[in-house]
Amino acid sequence: MEGRIHFTTAQLVSLTAVLLLAFAASLGMAFNVDAVVLSFSATNFQAGLVASTELSGIAAGNLLLGRLATRLNAHRVYLLGALAIAGFNFLSLFTNSVWELLALRAPAGFALGAVLSTVMATAARSATPELTFGVINSLVGVMGLTLAFVLPRALHAHLLANEVSPSFLDWNELDGLYAVYILCSLLALAFIRGTPVPKPLPPADTAAGSPSKGVGWLALVGLGVMFFGHGTLALFLVRVGREIPLDAETIGYVLMAGALVGIACPLLAGWVGSRMAPGLPIAVIVAILLVTGVSLSNVGTVPAFFIATPVFAALPTAVMPIMLGVLARFDPSGGLAASHPAFIMIAGAVAPFAGGFISDASGGFAANGWFAAACIFVGALLCRPVMSQARR
């Protein structure tokens, strides 16, 4: 298709850096949930509501920009989005309650949704979409590894800050996290000029409303269902570890191991997805997620947590290169791929709310794993039709 882009290494790295640095606060969501509980003496439900609000904002921004992303100036979207994200991260330092934080995380999420949709629309126009999405998702793992090391230590930064700053500032656990996120969103600005600027497509080329596109939208719903189920457990993995009990640093090391899985698997999935039909690799990934999700629902020992958590936390990143490659080939304009974050983020917005409710109602996280497994299985079934229709 005309308009396909052959990315240079520098362009692909810059594009991914803008996304991940802007996305830091959402990649650290499991630690955010823990910090909200610690900072404001909140319940799991309230902490989940904060996460849901931010993810809802991301979904709203993506829904608005997803269909326009191929017709806007990418650099302008990245600049305005990164500045807005940095500003709302800064204001989040001064919140004193869950409700104040809610008011700031919604617009921060909206700005991120705009950046996310533009990055994905650009990546979907790659000449080799599976490999491009494989690299992007692998670098998500690198960012996750970094955050898993940094954020547990940032949780304790308020202890030092309160010793050297005026008493009225009263720093808490959440402030250390947002200090990291501010730095990341400002660093994103440095990579904008290195990102590719795809030629805008006319409206006719971005339309994806024909009846044949129905299976594409069904696949997006399926991805949303899978990530909804995954999020009802994955966003509470820090809390699961706390109940064993483990300290934040130890849990961070476990999630760092998960990040290593998240680095390797997307690269492997992108390579496999570009060379064979998607059905078998997707089936293998889903089967492993089902086993580890159920295992985590009954976790009570340190070894079980250490083994199941890294795999369950990171393996969905292996689904994305394959499925986004399928969507990019099914809809070469990139419109479906650009819209996929909205479905995942809507699901992710409900997941903390639902996961917190399930855990509070059941008195633990046992039910969360079984619920996650059921959703992942159903979501995978909804993705099947588009796999058989995507052009290679």
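Look up a bit, the structure's there.
To keep things clear, this report deals only with the structure shown in the data block. (Residues numbered from 1 in each chain as written. Predicted model: local features only at pLDDT ≥ 70, side-chain atom pairs only at ≥ 80, totals over all residues. Heavy atoms only, no water.)

### Points about the packing of aromatic side chains
One pass over the full model with this rule turns up five aromatic pairs. Their ring planes at 70° and their centres at 5.2 Å tell us that Phe 90 and Phe 94 sit as a pair that is edge-to-face. Owing to a relative accessible area of 46%, Phe 94 belongs among the partly exposed residues under this scheme. Judged by centre distance (5.6 Å) and plane angle (85°), the ring pair of Phe 228 and Phe 371 falls under edge-to-face. Linking Phe 228 in helix H11 (residues 214-234) with Phe 371 in helix H18 (residues 366-389), this pair joins segments that are 143 residues apart in sequence. Cation over ring: Arg 153 sits above Phe 149, and NZ or CZ is 4.0 Å from the ring centre. (Phe/Tyr/Trp six-rings, centres within 6.5 Å; stacked < 30°, edge-to-face > 60°. Buried < 20%, exposed > 50% of the residue type's maximum accessible area, 1.4 Å probe, protein only. Helix = DSSP H or I, 4+ residues; strand = E, 2+ residues; numbered from the N terminus. Lys NZ or Arg CZ within 6 Å of the ring centre and 35° of its normal.)

### Some details on empty space enclosed by the protein
The method is simple in principle: a probe with the dimensions of a water molecule rolls over the atoms, and the space it marks as empty is what remains. Using the criterion set out here, one finds five cavities of 30 Å³ or more in the structure. As a volume, the largest cavity reaches approximately 1,100 Å³. Along its surface, the largest cavity is lined by 42 residues, and Ser 26, Leu 27, Val 140, Ala 313 and Thr 317 are the ones closest to its centre. At eight residues, the largest contribution of residues to the lining of the largest cavity is made by helix H7 (residues 129-154). Classifying every residue of the lining of the largest cavity gives 30 nonpolar, 12 polar and no charged. (1 Å grid on protein atoms, 1.4 Å probe; cavity = no way out; pocket = protein on both sides within 12 Å on 5 of 7 lines; lining within 4 Å. Points joined across faces, edges and corners; volume = space filled by probe spheres on them. Nonpolar A, V, L, I, M, F, W, Y, C, P; charged D, E, K, R; others polar.)

### Some details on the pattern of salt bridges
Here the structure, examined in full by the defined rule, presents four salt bridges. Between Asp 34 and Arg 242 there is a salt bridge, and its shortest N-O distance comes to 2.8 Å. With a gap of 208 residues between them, Asp 34 in helix H3 (residues 29-40) and Arg 242 in helix H12 (residues 237-242) connect regions that are remote in the sequence. Note that Arg 329 and Glu 130 form a salt bridge whose closest N and O atoms lie 2.7 Å from each other. Residue Arg 329 is found in helix H16 (residues 316-330), and its partner Glu 130 is found in helix H7; the two are separated by 199 residues along the sequence. For Glu 130, a relative accessible area of 1% gives the class buried. Several salt bridges share partner residues, and in doing so they unite Asp 34, Arg 239 and Arg 242 into one network. (Salt bridge = Lys/Arg side-chain N within 4 Å of Asp/Glu carboxyl O.)

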